[in-house]
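These are the residues of each chain, in order.
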Amino acid sequence: MNDTILNSYSGMKTHQFGLDSVSNNIANVNTNGFKENIPEFKTLFAMNMDHLNANTITNNDRSYGATSASNAISTKDGNYHASDGQFDVAYMGKGWFVVAPKQDGSFEVSEDGYEAEQTTLFTRNGGFLRDADGYLVNSSGQYVYGINLDKVSEDIFNSSNDMDADMLKLSANKMQPLRIPQELHFQPINTSKVDISVNLNPKSNFKSAPEFLLPNGEIDTQRVLVQDVASFSDEDSIAYDPRGFRDIIITTRPKPDSAQAENASEGQTLRFVYGTGGAEANEFHTIGELAQLFAKSGLEFVPTLGSRNNLAFAVKNATGEEIEVTIGGALASRMGIASAQIPLAQDEQILSKDAKIATYSTSVDIFDDSGKKFLLKSDYYLIDSGDINAGKTTNQRWFVKSAIYDYNGELMVSPNVIEQELVFDDEGKPQSAQMELDFKDSKVAYSITGSERYSTRNLPYEESRLLEISQDGKAEGLLKEVRIDDNGIIFLAFSNGITEPMGRIGIVAFINDQGLKKLGDNVYMMSTNTLNGQARTLSGNPILGWGENGNLKFGQVKHKYLETSNVDVGNSLTNLILFQRGYSMNAKAFTTGDDLIKEAIGLKK
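Residues numbered from 1 in each chain as written. Predicted model: local features only at pLDDT ≥ 70, side-chain atom pairs only at ≥ 80, totals over all residues. Heavy atoms only, no water.

**Things to note about the sheet that holds strand 22 (residues 299–305)**
- The strand order across the open sheet formed by 3 strands is 22-23-26, and the pairing between neighbours is antiparallel. The outermost strands of the open sheet, each flanked by one partner alone, are strand 22 and strand 26 (349–351). For this sheet, the mean inter-axis angle between neighbouring strands, taken without regard to orientation, is 25°.
- Pairing of strand 22 with strand 23 (residues 311–317), which is carried by 7 bridges, proceeds in the antiparallel orientation. The residue of strand 23 that forms the bridge with leucine 305 is leucine 311.
- Sitting on the sheet, helix 4 (residues 287–296) is in contact with strand 22 and strand 23, with an inclination near 140° to strand 22. (Pairing = 2+ DSSP bridges. Helix = DSSP H or I, 4+ residues; strand = E, 2+ residues; numbered from the N terminus. Axes fitted to C-alpha atoms, helices over the stretch in contact; angles between N-to-C directions. Contact = heavy atoms within 4.5 Å.)

**Examining the packing of helix 1 (residues 3–27) against helix 6 (residues 569–603)**
- Taken N-terminus to C-terminus, the directions of helix 1 and helix 6 make an angle of 160°; their axes are 8 Å apart at the nearest point. Considering the angle they form, helix 1 stands roughly antiparallel to helix 6. With respect to the hand of their crossing, helix 1 and helix 6 are arranged in left-handed fashion.
- In terms of residue class, the contact of helix 1 with helix 6 is made up of 14 nonpolar, 14 polar and 1 charged. (Parallel < 35°, antiparallel > 145°, perpendicular 65-115°, else oblique. Left-handed = near helix turned anticlockwise from the far one by under 90°. Nonpolar A, V, L, I, M, F, W, Y, C, P; charged D, E, K, R; others polar.)

**What about the packing of aromatic side chains?**
- Counted by the stated rule, this structure contains 17 aromatic pairs.
- Geometrically, the ring pair formed by tyrosine 91 and phenylalanine 97 is edge-to-face, given 6.3 Å between the ring centres and 70° between the ring planes.
- For tyrosine 91, a relative accessible area of 1% translates into the label buried.
- An aromatic cluster is present here, built from Phe107, Tyr114, Phe122 and Phe510 joined pairwise through their rings.
- One Lys or Arg, arginine 223, reaches over the ring of phenylalanine 399 and ends 4.6 Å from the middle of that ring.
- Taking the ring centre of tryptophan 546 as reference, the NZ or CZ of arginine 504 above it sits at 4.3 Å. (Phe/Tyr/Trp six-rings, centres within 6.5 Å; stacked < 30°, edge-to-face > 60°. Buried < 20%, exposed > 50% of the residue type's maximum accessible area, 1.4 Å probe, protein only. Lys NZ or Arg CZ within 6 Å of the ring centre and 35° of its normal.)

**Notes on the pairing of strand 5 (residues 96–100)**
- With 5 of 5 residues buried, strand 5 lies mostly within the body of the structure.
- In terms of strand pairing, strand 5 meets strand 38 (residues 507–509) through 2 bridges, oriented antiparallel. Residue phenylalanine 97 lies in a different strand from strand 38, and its bridge partner there is isoleucine 507.
- Looking at chain direction, strand 5 and strand 11 (residues 143–148) are connected through 2 bridges and run antiparallel. The residue bridging valine 99 from the neighbouring strand is valine 144, located in strand 11.

**Thoughts on the sheet that holds strand 19 (residues 247–254)**
- Here we have 5 strands laid out as an open sheet, ordered 21-20-19-24-25, and mixed in their pairing. The open sheet has two edge strands, strand 21 (283–284) and strand 25 (339–344), and neither has a second partner.
- Where strand 19 meets strand 24 (residues 323–328), 6 bridges bridge the pair, whose relative direction is antiparallel. Among the inter-strand pairings, isoleucine 250 is bridged to a residue of strand 24, identified as isoleucine 327.

**Topic: the side chain of threonine 191**
- On the secondary structure map, threonine 191 appears in the loop between strand 15 (185–186) and strand 16 (193–199).
- Side chain to side chain, threonine 191 and glutamine 471 meet in a polar contact 2.9 Å long. (Polar contact = N/O pair within 3.5 Å; in protein donor to acceptor, adjacent residues only side chain to side chain.)

**A word on the environment of lysine 42**
- Mapped onto the elements of the fold, lysine 42 is located in strand 1 (residues 37–48).
- The class of lysine 42 is partly exposed, set by a relative accessible area of 48%.
- Between the C-alpha atom of lysine 42 and that of glutamate 324, which follows or precedes it by 282 residues, the distance is 122 Å.

**Some words on the pattern of salt bridges**
- A complete count under the given rule lists 21 salt bridges for this structure.
- Here glutamate 563 makes a salt bridge to lysine 35, at a shortest N to O gap of 2.9 Å. Of this pair, glutamate 563 sits in strand 45 (residues 561–563) while lysine 35 sits in the loop between helix 1 and strand 1, and the two are 528 residues apart along the sequence. Here glutamate 563 matches lysine 35 in class, with each residue buried.
- Between aspartate 513 and lysine 94 there is a salt bridge, and its shortest N-O distance comes to 3.2 Å. Of this pair, aspartate 513 sits in the loop between strand 38 and strand 39 (517–520) while lysine 94 sits in the loop between strand 4 (87–93) and strand 5; the two residues are 419 residues apart in sequence, bridging distant segments of the chain.
- Aspartate 513 gets classed as buried once you look at its relative accessible area, which sits at 9%.
- Connected via shared salt-bridge partners are Lys35, Asp77, Arg124 and Glu563. (Salt bridge = Lys/Arg side-chain N within 4 Å of Asp/Glu carboxyl O.)

**Topic: the side chain of serine 527**
- Within the element layout of this structure, serine 527 appears in the loop between strand 40 (523–525) and strand 41 (528–531).
- Those residues in contact with serine 527 that lie beyond four places of it in its chain are Gly515, Lys517, Arg536, Thr537 and Leu538.

**Some remarks on the environment of aspartate 195**
- For aspartate 195, the location among the structural elements is in strand 16.
- For aspartate 195, a relative accessible area of 14% corresponds to the buried category.
- Residues aspartate 195 and phenylalanine 212 lie 17 residues apart in sequence; the distance between their C-alpha atoms is 28 Å.
- The residues contacting aspartate 195, other than those within four sequence positions of it, are Ser447, Gly450, Ser451, Glu468, Ile469 and Ser470.

Put into C-alpha cells, the structure is as follows:
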C-alpha cells in the first residue's frame, strides 16, 4: 500500500468530520441558544527523511495525512428577538444560565471553586416555563437555578418589607430551584409605621372651619383668639394676605344729634397695622390682639356665627352710648366690616363676611393583620402664617388632628384623636413629635414631617398636596405579573400595587468556554481531564455572574427575548462546499493511488 492511499484516506475522514460538523450547525440554525461548532484540522504525523542528501541545508521531512484537531464552540452571541413567553429571557454577554435535574439541589459558587449536590448544567437557551408545581424549568424539564429569597411558602408570598436586605441577599452565591406558583397570594402585613410628606400652602385651600365650633354649636372663642389674622380668608377664599391687606382705620364719635356730640370734637381716629409690635405700637398679629386694639376705640371685636352658621366676626358698641362709626383700611374691606359714619347703638353690631381658614386633609390606607383596610386621617389647620411681612419673623404653625377610621371614614376606630402642632422653623424645616395611635391590639407610629424621599414643606407657589406615603403595612393581593430586570432579578407584581423581588436567575461565566462539554438538549456541563498528572476542570471553575452590589458583571438579561442560534448561514454554506470539494479531491487521490497499485501488480505479469 502506498502513502497516497493512506494520506487521501485520512483526508477523506477529516473532511467528512468537517462536513458532519457544518451540517449539524446548519441543522440547528433555528435552535434557540445553539452555539455553532468550528471544526479544526491538523497533520496526522510527520517523519524526517535523513536518507535524502544529508549534506543539504534543507530539513527534509514528510507529513502523513490529516486528522481532526478540535470541534471548538463559537462563543459569539446570536441574534435576539422578542418573545411572548412569560418567563422567556435572553442573556447578552459572557455567561450561561444554570439548570439542573434535581428539585431539591443546590449549586454554590465561591472564589475557591464550587459545591453541587447534583450534576449542574449550563445553557444559553432562556426559553423557560413553569411546571405543574410552579417551578421554572427548561423544555427538557430541568430546573432553573438562581438565588431564592425564600419568600414563597406553598402558595403564600411573605414580604420581607426591607428592600435593602433583599438586595444584599440577592448578591449571595448559593443557587437553588426557583418556584413561582400560578395562584400566589400576598400575605397581608399589619401597619405599624407610617411616614408621610405633604406640602401645606398657607395661601390656599381655605374652608369653613367647623373646628372652631363646640359640640353645642357655639364658637370656641379661645381657639379663635389665638389664631393669626393672616390664617383666614373671606368667603370667596381670598386670603387676608398682609402684603395687600394689612391695616384697619377706625373713626368713632358720638352721634351728631346726641347730647354728647355738642361737647365732642371731630371724634377719635386710630390706625391699626398687621405686625408684631403689640398693642402699644397699634399692631396686631392674632385675632385676640386685634380685639384689644378695637377696644381702644370703644368697640368690641368678637367671634360669632355668620349668616350660614359659619365663623364670622362682629363689631359691637362697648361705650354704652350710641356712636357713629367709620371703619376703613384694606383689611377691613377684605373682612367685610368697612363702613362710613354708621350709627351704632349699644345693641347693634356690624357683621363681617363669613371667614374661612387655610386647611388641608390627608387620608392614608393602613391595614390590620388580615389585610382589611382602614383610614388614617389627619386634618391640618393653619394657626400662624409665619409671614415675614409681620415685622419680626414668626414661625409658621399648623394644628393637626389625627385618628384612625373605618375605610368609609365614618366610624372612628382609634380610642381618641391625637392633637399635635407642626412648626416650620426659620430654615423652613418641619418640626413635630412622632405620634403614636392605638390601632386594634397594636400601635401605629406616625410621623408627618417627612417620608422616605421627601420632607414636609410649606411652599406657597404649590398647591397643598400629599407628596408621598411610606408605611410598612400591606394589603392582601394576588400575583398579576412577573417582571425580570436587566440584572436577572425577578420582581412579582401583585394586585395590591406591591412589587417585590423574590429571587434572581442564576448566571455563571467560565474562563474557558471551550472546556464545556455538550450533552444534547442544548445544555453543557463541566468536564475534567488529567493535565500534567493533575485532574483539572477544563473550563476552569465557574465565576459568579454578579458582584457584591448585585449587578451583573459580564452582561445583561433581557426579559421576553430569546437568543437565536449563532450559526452564520452564509459562512456555513461556504464551508460546506469547501469540505465537499476537499472530500472529492481526496477521493480522487485515493483512486489514483489505487490505480498505481494495480499498475505495479500488472508489471509482474
